[in-house]
Structure formats: structure tokens, C-alpha cells
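Reading the structure
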Amino acid sequence: MLIKVKAKPKAKEEYLKRLGENFYEVAVEETPEKGRANARIVEPLSIYFGVKKDRIKLVAGETSKSKLFQILGEKDQS
């Protein structure tokens, strides 16, 4: 499954909010330096979707606030 994420780095409060079908807003306290915020965004996504962190891959948007993640479920092979 592919999901779009609107990232909010350097947030005072961390949260995950569903904005629409396959569209989420994730706020994290980490700064957007050296991939720290991207790595932190994976944590609440893994909890929300009930998958291990290594099953979530950043597909696009490494340096953008608009990101595309792939969530690999139990049946997904790729």
C-alpha cells in the first residue's frame, strides 16, 4: 500500500492524523537533518499500521515535506 504523508518536523507535539484515504499528517520533534525526521516518522506509522519499522519504506520526498511511503504487509513480497 502506498500512502502520502505531510511531514511536520520540529513540532512541539508529536502526532499522526489521518487527513483522507491514504493521506496522513505526521508531526515529529526531530529536525529535518540527515534523515532524522524521516526515520522518526516511520515509528508512529509502524504503530498505526501494526507493522514492523522495516516494513515501511520511503519511496519519494526524502527532502520534501510531502512524502510517499510504501507499507508492506504480511502478504506483500516486494
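Everything discussed here concerns the structure shown above.
This section reports on the structure supplied with the text. Source: prediction; values computed, not measured. Counting restarts for each chain, with residues numbered from 1 along the sequence as it is written. At least 70 in pLDDT is required for a residue's local features to be given in this predicted model, at least 80 for side-chain atom pairs to be given and counted, and no such filter applies to totals for whole chains, interfaces and linings, which use all residues. As a rule here, side-chain values cover all heavy atoms of the structure and leave hydrogens and water aside.

Let's talk about the pattern of salt bridges
Side chains that differ in sign of charge can pair as their charged atoms come close. Where we set the bar: Criterion for a salt bridge: a side-chain nitrogen of Lys or Arg within 4 Å of a carboxyl oxygen of Asp or Glu. Runs of E in the DSSP output that reach at least two residues are strands. Runs of H or I that reach at least four are helices, and both are numbered from the N terminus. The rule is simple: take the accessible area with a 1.4 Å probe, protein chains only, and divide by the maximum for that residue type; under 20% is buried, over 50% is exposed, in between is partly exposed.
In the structure shown here, the tally under the stated rule is 5 salt bridges. Note that Glu14 and Arg40 form a salt bridge whose closest N and O atoms lie 2.4 Å from each other. On the criterion of sequence distance, the pair formed by Glu14 in the loop between strand 1 (2-8) and strand 2 (15-20) and Arg40 in helix 1 (residues 36-49) is long-range, its members being 26 residues apart. Residue classification places Arg40 among the partly exposed residues on the basis of a relative accessible area of 22%. Among the salt bridges present, the one from Glu43 reaches Arg40, with a minimum N-O distance of 2.7 Å.

With respect to the pairing of strand 3 (residues 23-27)
Heads up, the rule is: Strands are labelled as partners when DSSP assigns at least two bridges between them.
Within strand 3, 4 of the 5 residues are buried, which leaves the element mostly enclosed by the surrounding structure. Bridge count between strand 1 and strand 3: 5 bridges; the pairing is parallel. If you follow Lys6 over to strand 3, its bridge partner there is Glu25. Looking at chain direction, strand 2 and strand 3 are connected through 5 bridges and run antiparallel. What sits directly across from Tyr15, in strand 3, is Ala27. Linking strand 2 to strand 3, which pair antiparallel, is a turn of 2 residues; within it Asn22 sits at a positive phi near 60°.

Concerning the sheet that holds strand 4 (residues 56-60)
Selection criterion: All axes are obtained by fitting lines to C-alpha atoms, using only the stretch in contact for helices, and the reported angles, taken between N-to-C directions, cover 0 to 180 degrees. Contacts are assigned to residue pairs with any non-hydrogen atoms lying within 4.5 Å of each other.
Read across the sheet, 5 strands follow the order 2-3-1-5-4 without closing on themselves; strand pairing throughout is mixed. Of all strands in the sheet, those with a lone pairing partner are strand 2 and strand 4, marking the two edges. Taking the axes of each pair of neighbouring strands and ignoring which way they run, one obtains an average angle of 35° across the sheet. Bridging between strand 1 and strand 5 (residues 66-71) involves 5 bridges; their strand directions are antiparallel. The residue bridging Leu2 from the neighbouring strand is Gln70, located in strand 5. Here helix 1 sits on the sheet in contact with strand 1, strand 2, strand 3, strand 4 and strand 5, set at roughly 45° to strand 5.

Everything listed is a geometric property; what it means functionally is a separate question.
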